[in-house]
Amino acid sequence: MKQSVCSLFIFFNTSVQGQVQPDKVFMTSIRTVKLFPQNNQFALPIIGLTSTDQLELNFDDLGAYPKNYFYTYQLCNADWTEAQWSPFDYIRGFQQNRISQYRVSSIAQVQYVHYQAILPERSAVPTRSGNYILKVFQDADTAKLLFTRRFYVVDNKVGIAAQMQQPFSAQLNQTHQKIQLAVNTAPLSSINPQQVQTVILQNGRWDNAAQKLQPSFIRGSLLEYNAEQDCLFPAGKEYRWLDLRSLRFESDRVERIARTAIPVLVYAKTDAIRTSLRYLWYRDLNGFSDISTTESINPWWQSDYAEVEFTLATENKQPFSQQSVYIVGELSGNQISDSSLMEFDERKGVYYKRLLLKQGYYSYTYVTKDNKRLQAIANPALTEGNYWETENNYTILVYYRPFGGRHDELVGLRQISSLLPNSRL
């Protein structure tokens, strides 16, 4: 019996703790992965430690037959490296849990099986605050990984004062936004500022996150950060949108729909470069997507799929010099990678990208990245333009590692909007 228990521990310790890239889909048949607070598709997956908060996981597997899918959690540090804990130390209950709720699609021409889970289940509860990666795999074999998703377990201990401001710099005050930030660490016992890490996300994106921020001023237990240097973000413009809630009615952003193929092919209207256009405010989703439909009752297992072609026309029908163009939003995983990289059609003089999307309402933006600079950050300056008035959401994450601690605890989280810069979301 002791040998069996020891073997089980070794299995989990080696297979579950392997370093895995967050927010990655490894199987091409897996589509529309969404992890969000229950009944709120437009928010980051955040739960409070020891709270009753719950997350909702939804995803589709293209095909007609259900499979045995399982999930587990992996605790990470502030930089998403693996924490030096065994899963037994941060999961109360089972380390592997089967996803038992699924439904075979109906009405839709594209066949798929929709899976859903409400997390955390009582049989598997995170017991430490911090960054987590949800890992979903097949047949209880972690080598058959389907996808990973980030989520956050916060134990709010510190006070965070934050607001969005216009930079003082004459070169940046019309194009960037800065986050004025101070953290009150009084509730933490005798700390060294090096034990605290602060991260700022713009619209939930990690590719342009302000990370490893160090305080510029220390006033007792108050840590103040230099917003002019470290907490600056290109403001961009309001996100573009595409309404795919109906595949029979062509919405205002749809050029045409080719219905002879399965899945149907949707041609979105060609997007233009917006750098020369004046800023115009309108309510957008800041990159989030809403899975919904006007043609059926339950969008999760009655919605259809479509191949959607996005095109971006340059002003001179020539590609950007030494720049790669990406379409960014939840529809492409909010990543600067091959999943969002657009190709240039020399004959038409446009960038294009095809994505297989489920019916819903999508928001997205275009950014470019300098091919010569490995550490370059994607910027919308060449495609959208940057205007400091743009409405963006910012998430401030504060991590703390105690003396002798083995991972970065998430001890503070606050969200603000640049539209209402001094209010909590």
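On a predicted model such as this, the values are computed, not experimentally measured, just so you know.

1. What to know about the side chain of S105
- With respect to the helices and strands, the residue S105 is situated in the loop between β7 (101-104) and β8 (112-119).
- Leaving out residues up to four positions away in the same chain, S105 has contacts with V110, Q111, Y112 and W301.

2. Notes on the pairing of strand β14 (residues 196-202)
- Of all seven residues making up β14, six are buried, and the element is well covered by its neighbours.
- In this sheet, strand β29 (residues 393-400) lies alongside β14 in antiparallel orientation, the contact comprising seven bridges. Looking across to β29, one finds that Q202 is bridged to Y394.
- Sheet analysis places β14 next to strand β15 (residues 205-213), joined by three bridges and oriented antiparallel. Bridging across to β15, T198 finds its partner in L213.
- The turn joining β14 and β15, which pair antiparallel and follow one another in sequence, is formed by two residues; a positive phi near 55 degrees is taken by N203.

3. A few points about the sheet that holds β8
- Taken together, the four strands give an open sheet; going across it, the order is β1-β3-β8-β7, and neighbouring strands pair in antiparallel fashion. Each edge of the sheet is formed by a strand with only one pairing partner; in this case those strands are β1 (30-37) and β7. Ignoring which end each strand starts from, the neighbouring axes of this sheet average 15 degrees apart.
- In this structure, strand β3 (residues 55-62) lies alongside β8, joined through eight bridges in antiparallel fashion. Each residue of the ladder has a partner; that of L55, found in β8, is L119.

4. Topic: the side chain of Q195
- Positionally, Q195 belongs in the loop between β13 (176-184) and β14.
- With relative accessibility at 9%, the residue Q195 sits in the buried group.
- A distance of 2.7 Å separates a polar side-chain atom of Q195 from the backbone nitrogen of N192.
- Here the side chain of Q195 touches R401 through a polar contact of 2.8 Å, landing on its backbone oxygen.

5. Some words on the packing of aromatic side chains
- Under the defined criterion, the tally for this structure stands at 22 aromatic pairs.
- Measuring from ring centre to ring centre gives 5.0 Å for F59 and F147, while their planes differ by 65 degrees; the resulting arrangement is edge-to-face. Taken together, the positions of F59 in strand β3 and F147 in strand β11 (residues 141-154) put the pair 88 residues apart, joining distant regions of the chain. Residues F59 and F147 agree in their burial class; the two are buried.
- Ring geometry for Y132 and F151: centres 5.3 Å apart, planes at 20 degrees, overall stacked. With Y132 in strand β10 (residues 130-138) and F151 in strand β11, this pair connects stretches of sequence that are 19 residues apart.

Reading the values: the criteria
- Residues numbered from 1 in each chain as written.
- Predicted model: local features only at pLDDT ≥ 70, side-chain atom pairs only at ≥ 80, totals over all residues.
- Heavy atoms only, no water.
- Helix = DSSP H or I, 4+ residues; strand = E, 2+ residues; numbered from the N terminus.
- Contact = heavy atoms within 4.5 Å.
- Buried < 20%, exposed > 50% of the residue type's maximum accessible area, 1.4 Å probe, protein only.
- Pairing = 2+ DSSP bridges.
- Axes fitted to C-alpha atoms, helices over the stretch in contact; angles between N-to-C directions.
- Polar contact = N/O pair within 3.5 Å; in protein donor to acceptor, adjacent residues only side chain to side chain.
- Phe/Tyr/Trp six-rings, centres within 6.5 Å; stacked < 30°, edge-to-face > 60°.

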